[in-house]
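One letter stands for each residue in the lines below.
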Amino acid sequence: MAKMINFFRAHKRASVIFFSWVAFFTFVLIPNWREGPFYFLFFSALFVSMIGSQVFWIPRVVGLGEQFILGQSARVCLRIIVGVVYLFFFACNFGIWNIPGGDSTHLTLRSALLDGAWWVWLVGSWAGFALLMVFWTVDRATRATAWVYRKVRKAAAGHGAAPAPPAINLDPPSLARRQLLEQAAVAVSGLPFVAAAYGLLYERLDVEVTNPRIRLARLPKAFEGFRIVHLSDFHIGPFMTADEIRRCVTIANELKADLVALTGDYVADDPSAQGEVVQALAGLRAPYGVFACLGNHEFYTETEDSITRLFSAAGIRVLRQERSPIQSHGEVLNLIGVDYQQARSSRDHEGHLVDRYLEGSEKLVMPNAVNILLNHNPNSFDRAVELGIDLTLAGHSHGGQLALSFINRGLALVRPETPYVSGWYERADSQLYVNRGIGTTGPPIRIGARPEITLLELVRRV
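Remember, it's a predicted structure, so these values are computed and weren't measured experimentally.

Enquirer: What is the right way to read the overall build of the chain from this model?
Expert: A tally of helices and strands in the chain yields 12 helices and 15 strands. When burial is assessed residue by residue, the chain has 46% of its 462 residues classed as buried. Here the contacts in the chain between residues at least 6 apart in sequence split such that 72% fall between residues at least 24 apart. Carbon and sulfur atoms make up 63% of the accessible area of the chain, which totals about 23,600 Å².

Shown next, in the form of structure tokens:
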């Protein structure tokens, strides 16, 4: 960090150009500046730290390679090669240079080498830099504390104060020790690269089956023990192929649920993949049927109508601002489904813009029945509470996808976008379950947020 600061001090023109470029992209590319200072500063900090991570790590990679190369000309060639390779990956992954990827629903060599390797580098370098910043902040705070302590002790001695207690060793460590600590900090900050590779190669595919029990006060006796398999956010693509989705379908069918609920985002970015994801999900089976709602990626890819028709032909009913009563022994569960909705004042991506979530859904609620809502966006839960909906099933957040859920489920990058990151929530007499999803979006990496198949069991609250 000190070397970076000294570099910018020594090269004032370069520093002006660099920070002007960062400021430009911060104000132009980050939409959250309209949502208030907190969100603007939060996303600006993420963006600036991402830039800083590249400025920090690329010279480290070059320096590591130069240790094994003798001769100035060879080292210059190494720097040129690293720069060209980095720009090549950058151009391929940010649409500057489009290399055809072939089949968008199967893992190709192009996707594995260009997309997978790039995301491991990007996530690892950013997380490693963030960790290094923590070390640097602690180090600076410790040195500042030592400086203040020495000043206070000196001032006390100068005023003839009573003999001070034995000094606390807060003096800066020796040069050799400081260099050792710096090397250790850089080594530890390299662990996120390993974690990113683990998230790409293993955790992304390590499906977890969760079994929450949902206690509903108004649950009819005929539905005591009724089981619902909940799946969400498939995002079919090179890193979530049709075969992987079929594997999840097999797991879901083995749970022998009474009903299957799907809560959106079947495609990622390619509309032509909709047929294959529907074929993969067509194997789902349940006595009371398979029901679905749509997500924001169906809106983005303009596949809402077409994928609804494909699902219908496969025996899966997509509920779009409609309800479907589920009957058993003369008693009813009211199943409601809505398209993805986006509040105009929200910080999330644009979708079907509404002034209030669930606009027009009041007429779908049955006052004398248990109402279960399928809605991709968990941010609608507050409105569902107002409408008296008993249970909402949602997705969208991927559990943060990159999260520290082993500490707290709220420690996720998605937390500024929604308070409902993953799992079970309750307000008043309404409950929400947010599924972490099957696929990924953005980086094909999951850390601390395993893909999830949920088996909910409905029981009566006494």
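Enquirer: Help me understand the packing of aromatic side chains, please; the structure alone is not making it clear to me.
Expert: The description of two aromatic rings rests on the distance between their centres and on the angle between their planes. Across all of its chains, the model carries 16 aromatic pairs by this definition. Relative to Phe193, the ring of Trp57 lies with its centre 5.1 Å away and its plane at 85 degrees, an arrangement referred to as edge-to-face. Of the two residues, Trp57 is situated in helix α3 (residues 37-66) and Phe193 in helix α7 (residues 191-201); the sequence distance between them amounts to 136 residues. Grouping aromatic residues by their ring pairs yields a cluster made of Phe56, Trp57, Trp121, Phe129 and Phe193. The positively charged end of Arg60 is found above the aromatic ring belonging to Phe56, 4.1 Å away from the centroid. Seen from the ring of Tyr425, Arg409 lies directly overhead, with NZ or CZ sitting 4.0 Å from the centre.

Enquirer: Would you mind showing me how to read helix α11 (residues 304-313) here?
Expert: One turn of the α-helix equals 3.6 residues, which is why residues spaced by three or four share an orientation. Listed in full, the buried residues belonging to α11 are Glu304, Ile307, Thr308 and Phe311. Down the axis of α11, the buried set is contained in an arc of 105 degrees. They therefore lie on one face. In α11, those exposed residues whose orientation departs by more than 90 degrees from the buried face are Arg309 and Ala313. On the buried face of α11, the contacting elements are α9 (274-281), α10 (296-300), β6 (317-318) and β10 (352-354). Downstream of α11 by one or two residues, Gly315 has phi in the positive range, about 85 degrees.

Enquirer: Just checking my understanding: could you explain the sheet that holds strand β8 (residues 331-337) for this structure?
Expert: Each strand in a sheet pairs with its neighbour through backbone hydrogen bonds, running either in the same direction (parallel) or in the opposite one (antiparallel). Across the sheet, which stays open at both edges, the six strands sit in the order β7-β8-β11-β12-β14-β13 with mixed pairing between neighbours. Every interior strand has two partners, whereas the edge strands, β7 (322-328) and β13 (423-427), have only one. If you compare each strand with its neighbour and ignore which way they point, the axes differ by 20 degrees on average.

Enquirer: In this structure, what is going on with the packing of α9 against α11? I would like to understand it.
Expert: A pair of packed helices can be characterised by two numbers: the angle between their axes and the separation between those axes. Running from N to C, α9 and α11 cross one another at 30 degrees; their axes reach a closest spacing of 10 Å. Compared by their axis directions, α9 and α11 come out roughly parallel. Handedness of the crossing formed by α9 with α11: right-handed. Contact residues: α9 offers Gln274, Gly275, Val277, Val278 and Leu281, while α11 offers Ser306, Ile307, Leu310 and Phe311.

Enquirer: Got a minute to help me understand the pattern of salt bridges in this structure?
Expert: Once their charged atoms are close, side chains differing in charge can pair, the charge on each being opposite to the other. Under the defined criterion, the tally for this structure stands at 17 salt bridges. One salt bridge connects Arg246 with Asp243, and the closest N-O pair in it is separated by 3.2 Å. Within this pair, Arg246 and its partner Asp243 are both found in helix α8 (residues 242-254), separated by three residues, close to a single helical turn. For Asp243, a relative accessible area of 52% corresponds to the exposed category. Through salt bridges with shared partners, a single ionic network connects Arg356, Glu362, Arg383 and Glu386.

Enquirer: Explain the nonpolar core to me, please; I cannot follow it from the model alone.
Expert: General note: in soluble globular proteins, nonpolar side chains tend to be found buried as a group. Core analysis: the biggest nonpolar cluster contains 34 residues, and Val229, Ile245, Leu262, Tyr266, Val277 and Leu281 have the highest contact counts within it. Listed by contribution, the elements that provide at least two residues to this core are β3 (226-231), α8, β4 (259-263), α9, β5 (290-293), α11 and β15 (452-460). Core analysis: the second largest hydrophobic core is formed by 23 residues, Tyr357, Leu373, Phe381 and Ile389 among them.

Enquirer: Explanation requested: the side chain of Ser397 in the structure shown.
Expert: Looking at where Ser397 falls in the secondary structure, it is placed in the loop between β12 (391-394) and β13. Ignoring any residue separated from it by four or fewer positions in sequence, one finds Ser397 in contact with Val414, Tyr420, Val421 and Val434.

Enquirer: I keep staring at unusual backbone geometry and nothing clicks. Help me out?
Expert: What is expected of a backbone is that most residues other than glycine have negative phi and most peptide bonds are trans. Residues other than glycine seldom take positive phi values, yet Gln321 does so here, at roughly 55 degrees. Relative to the helices and strands, Gln321 is located in the loop between β6 and β7. Even without a glycine there, the phi angle at His398 is positive, about 60 degrees. Since its relative accessible area comes to 2%, His398 is described here as buried.

Enquirer: I tried to follow the pairing of β13 on my own but got confused; where do I start?
Expert: Sheet faces and side chains relate simply in a regular strand, where the side chains alternate between the two faces. As paired strands, β13 and strand β14 (residues 430-434) are joined by five bridges and run antiparallel to one another. Following the sheet pairing, Glu426 is matched in β14 by Gln431. With antiparallel pairing between neighbouring strands as the criterion, β13 and β14 make up a hairpin whose turn holds two residues, including Ala428 at a positive phi of roughly 55 degrees.

Enquirer: What is the right way to look at the packing of helix α4 (residues 72-93) against helix α5 (residues 109-158) in this model?
Expert: Between α4 and α5, the shortest axis-to-axis distance is 10 Å and the interhelical angle comes to 105 degrees. If you check the angle between α4 and α5, you find them roughly perpendicular. Between α4 and α5, the residues in contact are Tyr86, Phe88, Phe89, Phe90, Cys92 and Asn93 and Arg110, Leu113, Leu114, Asp115, Ala117, Trp118, Trp119 and Trp121, respectively. Its residues placed into classes, the contact of α4 with α5 shows 11 nonpolar, one polar and two charged.

Enquirer: Before we go on, may I ask you to explain the environment of Gly295 in this structure?
Expert: Positionally, Gly295 belongs in the loop between β5 and α10. When its relative accessible area of 0% is taken as the criterion, Gly295 is described as buried. The sequence separation of Gly295 and His376 amounts to 81 residues, and the corresponding C-alpha distance is 5.4 Å. Setting aside chain neighbours within four positions, we find Gly295 in contact with Gly264, Asp265, Tyr340 and His376.

What counts as what
- Along each chain, the written sequence defines residue order, and numbers are assigned to residues from 1.
- At least 70 in pLDDT is required for a residue's local features to be given in this predicted model, at least 80 for side-chain atom pairs to be given and counted, and no such filter applies to totals for whole chains, interfaces and linings, which use all residues.
- Hydrogen atoms and water are omitted, and side-chain values are computed over all heavy atoms in the structure.
- Helix numbering and strand numbering both begin at the N terminus, where a helix is a DSSP run of H or I of at least 4 residues and a strand a DSSP run of E of at least 2.
- The cut-offs for exposure are 20% and 50% of the maximum accessible area for each residue type, with area from a 1.4 Å probe on protein chains only; residues under the lower value are buried, those over the upper are exposed, and the others partly exposed.
- Any pair of residues with heavy atoms lying within 4.5 Å of one another is described as a contacting pair.
- Only the protein chains shown count as cover for residues, and the accessible areas themselves come from Shrake-Rupley with a 1.4 Å probe.
- Working definition: rings of Phe, Tyr and Trp (its six-membered ring) pair if their centres are within 6.5 Å, and the pair is stacked with planes under 30 degrees apart, edge-to-face with planes over 60 apart, and tilted otherwise.
- To sit over a ring, a charge needs its Lys NZ or Arg CZ within 6 Å of the ring centre and within 35 degrees of the ring normal.
- Throughout, the arc means that of the directions going from the helix axis to the C-beta atoms.
- By definition, two strands form a pair when at least two bridges between them are found by DSSP.
- Lines fitted to C-alpha atoms define the axes here, with helix axes fitted over just the stretch in contact, and angles between the N-to-C directions of these axes take values from 0 to 180 degrees.
- Here the word oblique covers every angle except those under 35 degrees (roughly parallel), over 145 (roughly antiparallel) and from 65 to 115 (roughly perpendicular).
- Crossing handedness is defined as follows: a turn of the near helix away from the far one that is anticlockwise and smaller than a right angle gives a left-handed crossing, while the clockwise case is right-handed.
- In the sections that follow, a salt bridge refers to a side-chain nitrogen of Lys or Arg positioned within 4 Å of a carboxyl oxygen of Asp or Glu.
- What makes a nonpolar core is a set of buried Ala, Val, Leu, Ile, Met, Phe, Trp, Tyr and Cys residues whose side-chain atoms join them at distances within 4.5 Å.
- Throughout, the ten residues Ala, Val, Leu, Ile, Met, Phe, Trp, Tyr, Cys and Pro are labelled nonpolar, Asp, Glu, Lys and Arg are labelled charged, and all others, Gly among them, are labelled polar.

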